[in-house]
Amino acid sequence: PSSVLYGQIAPGGLINMVQSGVLMIAYGLWILVARRRGAFTVLAVCALGLTAYPIATALTPVVWPLVIYAAIAGIFVAGTDLVIFDVVADTAPEAARGTAVGLYHTTNYIATFAAPLLGTALSGVVGIGAMLFVAAALRLLGGLLFIAWGVGRARSQGAREPRR
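Here is what the cut-offs are and how they apply
- Residues numbered from 1 in each chain as written.
- Predicted model: local features only at pLDDT ≥ 70, side-chain atom pairs only at ≥ 80, totals over all residues.
- Heavy atoms only, no water.
- Helix = DSSP H or I, 4+ residues; strand = E, 2+ residues; numbered from the N terminus.
- Buried < 20%, exposed > 50% of the residue type's maximum accessible area, 1.4 Å probe, protein only.
- Areas by Shrake-Rupley, 256 points an atom, 1.4 Å probe, with all protein chains shown as cover.
- Core = buried A, V, L, I, M, F, W, Y, C linked by side-chain atoms within 4.5 Å.
- Contact = heavy atoms within 4.5 Å.
- Phe/Tyr/Trp six-rings, centres within 6.5 Å; stacked < 30°, edge-to-face > 60°.
- Lys NZ or Arg CZ within 6 Å of the ring centre and 35° of its normal.
- Axes fitted to C-alpha atoms, helices over the stretch in contact; angles between N-to-C directions.
- Parallel < 35°, antiparallel > 145°, perpendicular 65-115°, else oblique.
- Left-handed = near helix turned anticlockwise from the far one by under 90°.
- Nonpolar A, V, L, I, M, F, W, Y, C, P; charged D, E, K, R; others polar.

*Asks:* Just checking my understanding: could you explain the overall build of the protein for this structure?
*Replies:* Looking only at helices and strands, the protein features 6 helices and 0 strands. When the helices and strands of the protein are placed in sequence order, the string is α-α-α-α-α-α. Each of the 164 residues in the protein was classed as buried or not, and the buried ones make up 27%. A total of about 10600 Å² of accessible surface is found on the protein, and carbon and sulfur atoms cover 71% of it.

This is the structure we're talking about:
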């Protein structure tokens, strides 16, 4: 019985560990890319790149390739997180910057907690494959909205602080 449980938990732990490790390394790489190509380019590439992870997961019948997909997703997560955090920090009025960063992290953690619960509940109704495609569609929509709204494009200095 314990070996069956381990067989179900171990791949999840490995997937999470690999994605987290790659994510830490990728932050440094995306900083360099953002300096050369701009935050908008990094966000566009990464937000759209994140779409591939749930699609690849839905189409894969065995567990081991998920470790590779998670590593690739870690690269894109790092770039997306880096740019969104920078946009929040750069566009919030200085007096409210701490609050803005706190709200950013709070909403991020709520989504990180709630989305798997909701996805798991709904996967019992429509199937996990269908929910992974829904996740991909939502990520694609988010990436396209970032592009359409120009999130990460340089703003003028006057736009940073509200006029009094």
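*Asks:* For this particular structure, what's the right way to read the nonpolar core?
*Replies:* Nonpolar side chains in soluble globular proteins tend to be buried together. Residues Leu23, Ala26, Trp30, Val42, Leu43, Cys46, Leu50, Phe76, Ala78, Leu82, Val83 and Val151 constitute the largest nonpolar core, which totals 12 residues. Contributing elements (two or more residues each) for this core: helix H1 (2-37), helix H2 (39-49) and helix H4 (65-91). Sorting elements by how many residues they give to this core places H4 first, with 4 residues. Among all residues touching Val42, those that are not within four sequence positions of it are Trp30, Val33, Ala34, Gly79 and Val83. By size, the runner-up hydrophobic cluster in this structure holds 6 residues, among which are Ile15, Tyr53, Leu66 and Ala70.

*Asks:* Help me understand the packing of aromatic side chains, please; the structure alone is not making it clear to me.
*Replies:* The way to describe two aromatic rings as a pair is by their centre distance and the angle between their planes. Summed over the entire model, instances satisfying the criterion amount to 1 aromatic pair. Positioned above the aromatic ring of Phe40 is the side chain of Arg153, whose terminal nitrogen or guanidinium carbon lies 3.7 Å from the ring centre.

*Asks:* It is not clear to me how the packing of H4 against helix H5 (residues 97-126) should be interpreted in this structure. Could you clarify?
*Replies:* Helix packing geometry: the angle between the two helix axes and the distance between the axes. Where H4 meets H5, the axes come as close as 8 Å, and the angle between the chain directions of the two elements is 150°. Regarding the angle of H4 to H5, the classification is roughly antiparallel. Where H4 crosses over H5, the handedness of that crossing is right-handed. For the pair H4 and H5, the contacting residues are Asp81, Ile84, Phe85, Val88, Ala89 and Asp90 in the first and Arg97, Ala100, Val101, Tyr104, His105 and Asn108 in the second. Its residues assigned to classes, the contact of H4 with H5 shows 7 nonpolar, 2 polar and 3 charged.

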